[in-house]
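# Working through the structure, step by step
Here is what each chain is made of, one letter per residue.
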Amino acid sequence: MRRVLVCALAAAAAGLPAFASLPNGTRAPDINTQATLAGKEFKFSLAAALKKGPVVLYFYPAAFTPGCTTEAHPQFQALGATVIGVSHDPIEKLDKFSVSECRNKFAVASDADGSIMKAYDSVLEGHPEYANRTSYVIAPTGEIIYSYTAMSPDKHVDNTMAAVKKWQDDHKKS
């Protein structure tokens, strides 16, 4: 597994392009799955999260791999956005991951059957058991307002945070 992820990261570092498949303006597919925060399991519902504000949904290949906690920047909460990470890992593994690597600061959800990453067209090409590193910003209306795919996690936070701030600025004016 690590060999596959190392190869995918190497391709990203080599500058090979990657694209998120669900375009802006698309209605976000519904999500209802098991998630965990600080080792405490709960049912995550995208519809319920959107009632509180925008959602930053990010897919990552696997728990305990490099970069999987980068997207969960604490400033998102200050902006009123919910952050949820999704991987194929079983919830039991994510319980441990949410405590040790996520340091009890953000939720991660299990997509053990791969249905969520398929619905969001975020399957890692050539390795369908893993998610591609894709971030989405979803407006409270359920519309995808930003998407970004790159195996390197470096620009995911800056890009999605800018999208959340832009959405907020646009909605303060109207």
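Below: a short report on this structure.

Rules used in this analysis
- Residues numbered from 1 in each chain as written.
- Predicted model: local features only at pLDDT ≥ 70, side-chain atom pairs only at ≥ 80, totals over all residues.
- Heavy atoms only, no water.
- Helix = DSSP H or I, 4+ residues; strand = E, 2+ residues; numbered from the N terminus.
- Expected span 1.5 Å × (residues − 1).
- Contact = heavy atoms within 4.5 Å.
- Buried < 20%, exposed > 50% of the residue type's maximum accessible area, 1.4 Å probe, protein only.
- Lys, Arg positive; Asp, Glu negative; His and termini not counted.
- Salt bridge = Lys/Arg side-chain N within 4 Å of Asp/Glu carboxyl O.
- Polar contact = N/O pair within 3.5 Å; in protein donor to acceptor, adjacent residues only side chain to side chain.

Another aspect to go through is helix α6 (residues 156-173). Spacing of three or four residues puts side chains on the same side of an α-helix, whose turn is 3.6 residues. Here α6 contains 18 residues, and its C-alpha end-to-end distance of 26 Å stays within 8% of the 26 Å for a straight helix at 1.5 Å per residue. Where the residues of α6 are buried, they touch β3 (55-59), α3 (75-78), β6 (134-138) and β7 (144-149).

Let's shift gears to the side chain of D111. Structurally, D111 is set in the loop between β5 (107-110) and α5 (115-119). For the buried D111, no salt bridge is present, and the opposite-charge side chain at shortest range is K118, 8.1 Å distant. Within the local environment of D111, its side chain forms a polar contact with the backbone nitrogen of S115, the two atoms lying 3.0 Å apart. Residues within four places of D111 in sequence aside, it is in contact with V86, S87, H88, D89, I116 and M117.

Regarding helix α4 (residues 91-100), the residues found buried are I91, L94, D95, F97 and S98. For α4, the elements touching its buried residues are β1 (32-37), β2 (40-45), β4 (82-87) and β5.

Scope: geometric values only; no functional claims are made or implied.
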